[in-house]
Amino acid sequence: MIILSKLNKKAYELKGEYMSKQISKGMFGLFFEDINYGLDGGLHAEMLENRSFEFLEGHGYKRNYYQKGAYLYGWNPYPDSDSAKLTALDIRPLNEINTHYMCVKTFKEDAGFTNKAYDGIFLKAGVGANISFYATSKNDCNVTVKVLSKDGKELAKAENISIDSPDWKKYECCIKADNDIEAGMFTVFIDKPSVVCFDQFRMYPEDAVLSLFRKDLAELLKALHPGFMRFPGGCVIEGNQLINRYQWKKSVGPSEERAANWNRWAVHGNDDEKKDIGDFPYYNQTLGIGYYEYFLLCEYLGCEPLPVMNVGLACQYQSDEFVDSSSAEFDVFVQDALDLIEFANGDASTKWGALRIKMGHEKPFEMKYIGIGNEQWETDKIDFFHRYEAFEKAIHEKYPEIRCCGSAGPDVTSQHYKDAWGHFSPKMKENPSYSVAVDEHYYVSDKWMYENVHMYDNYEKHRKVFAGEYACHINPDRKPQERNSFGAALAEAAFMTGLERNADVVLMASYAPLFARLGYTQWQPDLIWFDAKSAYGTPSYYVQKMYSLFTGTEVLDCDFSGLEKDRIYITASKNDDKTFIKIINAGETDADIDITSITDKETEAVYVMEGDVDDCNSIAEPEKVSLKKTDFKVKASALSKKKTIIVLVFNN
Ligand code: AHR
């Protein structure tokens, strides 16, 4: 690691004095969108795919999307098509919202059907899974759920269920394995030739957090100590068309009655000439994790919810669709925002507050923030600024305490960004609550990040920023998961010194996107990768974690311009108890940095993150590049090795 004698190092003195620059509590948070199978197939612990027989197959490209019913996607007869026939029906459905279900006719004893379950079922030894489904049958029969190996060997078996109702009825069972099962086949057997209809399957591992969220993924989020969570996107908020935009009211109430939606990312990569169907046409949203569960997740993580609302626009990149901002249709979008606040915070006397209470949460969620528009921009046809104003006015008339966030469009290097600030800056100067922060997005190269470490130094102080989506994009030719290299994380860490130093301007920041299932990505790099069994944080994850854990409440203003020509970036902050110094050496020079002007104490702890710039974490080596606590002690002078991040923690 750091070996003094071998270093050909430079010496620097770090000078600084405390400024009264406050760092907002929970500055570093999460951006969460169902992209890369991050929610359904990811954090949502549901193990089965197309559980309510409503999947659609997504086709088409810009302004020309269409869907085909794929109601039986993921379901297949077992052991073969001579033994059972599966049909999708919608006559006398379980409910009028999700109308399709599967009718199974078996021709012999112990025949049935399977579910694809993404890459197959993973069951940890001794950790059961709770299964439920609705069924109806005119003939009595017994049904057994099993998990089989690929070659049909029984690995785990649930108790028999006797189907005894000609009307829809809910049945439940539990399955547990003695040994770990990987890539198991979810199979349902019917004991004798029968006709049975099934709908609304569920299979959640017993250890799911809040019985809803995949444990390892939820724990990785918790370890980040996020300050807030932006949701439900991203472009998912807007949809490729208005019809598949995220509609929060469809995401609450009993999960069986939430209208499934096709995911906007199902058509990603399609083009108008040759590619009508892409790699993930069956990417759908069950809404099993809807707005209620999102608020529960924020509560579990101890972070502020930051829902983002659609302002009557489909994704501006993908579509020309919008509702006129002077129409009654637009008022529905504004009302949705007001009703969401009522759902989160209202009492039992309110319509939406009463629904929240009925769903099980008596106490308000105390939502404080709301985003107005994802990454919108003003055009000849799209009056985004007017839309923002209409939302802000309506929200503040009813809820003056709610903090509204604006949008600076998709790219901080674009004219849209300049136009946005042209609108927001004077408004915020006159009335700071017009927008508490404007959401800026940037997916940029490492070079850009290094060159823009000071981008916020000269922002006028009334301009408050929510850096809502950012990531360093390098190595386009590497495998998707290898684009999250240590080199990218170093650039992010360096850039984030500028966020922390300008914490009086940048109030919130979140890396994007959050999750990616290996083999299921539409977008990379991403913060956390996983497969059916395991998950790991990327080097970028550890950079985010470092900022969350080791940032105080007050910035120490340091003059480190002399160091930056060698690509060494430093930020220091303190809270009542501790002082934190983060030194990011992204250069080629080992350096000795005098820190006596900040503190003459010895460190309480020293953390180090190091590696080759091309190094990545993986399922096999999940913490290869991560922030590790060391036994080092530092006093007066800190040694900063090239391509290394160190965090020094001092007791005040
Ligand atoms: O983070 C991926 C996408 O990038 C988001 O959905 C969108 O807001 C941005 O363009």
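All values reported here derive from a predicted model rather than from experimental measurement.

Procedures and definitions
Residues numbered from 1 in each chain as written. Predicted model: local features only at pLDDT ≥ 70, side-chain atom pairs only at ≥ 80, totals over all residues. Heavy atoms only, no water. Helix = DSSP H or I, 4+ residues; strand = E, 2+ residues; numbered from the N terminus. Rg over C-alpha atoms; globule rule 2.2 N^0.38 Å. Buried < 20%, exposed > 50% of the residue type's maximum accessible area, 1.4 Å probe, protein only. Areas by Shrake-Rupley, 256 points an atom, 1.4 Å probe, with all protein chains shown as cover. Pairing = 2+ DSSP bridges. Axes fitted to C-alpha atoms, helices over the stretch in contact; angles between N-to-C directions. Contact = heavy atoms within 4.5 Å. Polar contact = N/O pair within 3.5 Å; in protein donor to acceptor, adjacent residues only side chain to side chain. Near = heavy atom within 4 Å. Nonpolar A, V, L, I, M, F, W, Y, C, P; charged D, E, K, R; others polar. Salt bridge = Lys/Arg side-chain N within 4 Å of Asp/Glu carboxyl O. pLDDT = per-residue confidence, 0-100.

Participant: Just checking my understanding: could you explain the overall build of the chain for this structure?
Facilitator: Looking only at helices and strands, the chain has 10 helices and 37 strands in total. Relative to the 2.2 N^0.38 estimate, which gives 26 Å for 652 residues, the radius of gyration of the chain is 26 Å and therefore close to what a compact globule would have. The dimensions of the chain, computed from C-alpha atoms along their principal axes, are 85 × 60 × 55 Å. Within the chain, the fraction of its 652 residues that count as buried is 61%. A total of about 25100 Å² of accessible surface is found on the chain, and carbon and sulfur atoms cover 47% of it.

Participant: Explanation requested: the sheet that holds strand S17 (residues 195-205) in the structure shown.
Facilitator: Sheets are built from strands paired through backbone hydrogen bonds, the pairs being either parallel or antiparallel. Reading across from one edge, S7-S8-S17-S11-S15 is the order of the five strands in this open sheet, with antiparallel pairing throughout. Across the chains shown, the open sheet's two edge strands, defined by having one partner strand only, are strand S7 (84-89) and strand S15 (169-175). Averaged over all pairs of adjacent strands, the angle between strand axes in this sheet comes to 35°, irrespective of strand direction. Direction of pairing for strand S11 (residues 129-137) relative to S17: antiparallel, over a ladder of eight bridges. Within S17, the residue paired with isoleucine 131 across the bridge is methionine 203.

Participant: Even after reading the chapter, I still don't get the sheet that holds strand S26 (residues 506-511), so can you show me in this structure?
Facilitator: Spatial ordering of the open sheet is given by S3-S18-S21-S22-S23-S24-S25-S26, a layout of eight strands whose pairing is parallel. Pairing within the sheet leaves two strands with one partner each, and these edge strands are strand S3 (30-31) and S26. Note: S3 against strand S18 (residues 228-231), two bridges, orientation parallel. Along S18, the bridge assignment pairs leucine 30 with methionine 229. Helix-sheet contacts for helix H2 (residues 291-301) involve S3, S18 and strand S21 (304-309), and the interaxial angle to S21 is about 150°. The sheet contacts of helix H6 (residues 415-430) involve strand S23 (403-407), strand S24 (437-444) and strand S25 (465-472), and relative to S24 the element is tilted by about 160°.

Participant: Help me understand the environment of lysine 643 in this model?
Facilitator: Locating lysine 643 in the fold gives a position in the loop between strand S36 (637-640) and strand S37 (644-651). Lysine 643 sits in the buried class, given a relative accessible area of 19%. With 278 residues separating them in the primary sequence, lysine 643 and phenylalanine 365 have C-alpha atoms 43 Å apart. If sequence neighbours within four positions are ignored, lysine 643 has contacts with Phe486, Leu490, Asn585, Ala586, Gly587, Glu588, Met609, Glu610, Gly611 and Val613. At 2.6 Å, the side chain of lysine 643 and the backbone oxygen of alanine 586 are in polar contact. Here the side chain of lysine 643 touches glutamate 588 through a polar contact of 3.3 Å, side chain to side chain.

Participant: Whenever I open this one, the site of the ligand confuses me. Can you help?
Facilitator: Near the ligand you find Phe31, Glu33, Gly234, Cys235, Trp265, Asn374, Glu375, Tyr443, Glu469, Pro513 and Trp523, and these make up its full shell. Within the side chain of asparagine 374, an N or O atom sits 3.1 Å from an oxygen atom of the ligand. Between an oxygen atom of the ligand and a side-chain N or O atom of glutamate 469, the distance comes to 2.7 Å. When the free accessible area of the ligand is taken as 280 Å², the share hidden by the protein chains comes to 96%. A breakdown of the residues in the shell around the ligand according to their chemical character gives six nonpolar, two polar and three charged.

Participant: Is there a simple way to explain the side chain of glutamate 46 in this structure?
Facilitator: Secondary-structure assignment places glutamate 46 in the loop between S3 and strand S4 (56-61). At a separation of 3.0 Å, a polar atom in the side chain of glutamate 46 contacts the main-chain amide nitrogen of leucine 48. A polar contact of 3.0 Å, which involves the side chain of glutamate 46, links it to the backbone nitrogen of methionine 203. Residue contacts for glutamate 46: discarding those within four places in its chain leaves Arg51, Tyr118, Phe201, Arg202, Met203 and Tyr204.

Participant: I would appreciate a short explanation of the pairing of strand S31 (residues 568-574) in the present structure.
Facilitator: Looking down a regular strand, the side chains alternate between one sheet face and the other. With six of seven residues buried, S31 lies mostly within the body of the structure. Counted along the chain from S31 to the antiparallel partner strand S32 (residues 578-585), the turn is three residues long.

Participant: Honestly, helix H9 (residues 539-549) in this entry has me stumped. Any pointers?
Facilitator: The periodicity of an α-helix, 3.6 residues per turn, causes residues three or four places apart in sequence to face the same way. Counting buried positions along H9 yields nine of 11 residues, so the element is predominantly enclosed. Listed in full, the buried residues belonging to H9 are Pro539, Ser540, Tyr541, Tyr542, Val543, Gln544, Met546, Tyr547 and Ser548.

Participant: Where do I start with H2 in this structure?
Facilitator: Buried residues dominate H2, accounting for nine of its 11 residues. Within H2, burial applies to Tyr291, Tyr292, Glu293, Tyr294, Phe295, Leu296, Leu297, Cys298 and Leu301. Of the surrounding secondary structure, the elements contacted by the buried residues of H2 are S3, helix H1 (215-223), S18, S21, helix H3 (328-345) and helix H4 (351-359). Remark: glycine 302 follows H2 within two positions and exhibits a positive phi of approximately 70°.

Participant: Help me out: how do you make sense of the pattern of salt bridges in this one?
Facilitator: Note on pairing: side chains with opposite charge can pair once their charged atoms come close. The final tally for this structure, using the stated rule, is 33 salt bridges. Of the charged contacts, one joins lysine 368 and glutamate 304 as a salt bridge, the two residues approaching to 3.1 Å between their closest N and O atoms. Highlighted residues: lysine 368 in the loop between H4 and strand S22 (369-372) and glutamate 304 in strand S21, separated in sequence by 64 residues. With a closest N to O distance of 3.7 Å, aspartate 615 and lysine 624 form a salt bridge. Relative accessible area serves as the criterion here: at 16%, aspartate 615 is assigned to the buried category. Judged by its relative accessible area of 35%, lysine 624 falls in the partly exposed class.

Participant: How do you make sense of the confidence of the model for the chain when you look at a structure like this?
Facilitator: Close reading of the predicted structure is inappropriate where its pLDDT is low. With 96% of its residues at a pLDDT of 70 or more, the chain shows a mean pLDDT of 95. Below a pLDDT of 50 lies the segment residues 1-8, which in the model reaches 16 contacts outside its immediate sequence neighbourhood of four places, other chains included. Every residue in residues 14-18 scores below 50 in pLDDT, and together they form 24 contacts with partners more than four places removed in sequence or on other chains.

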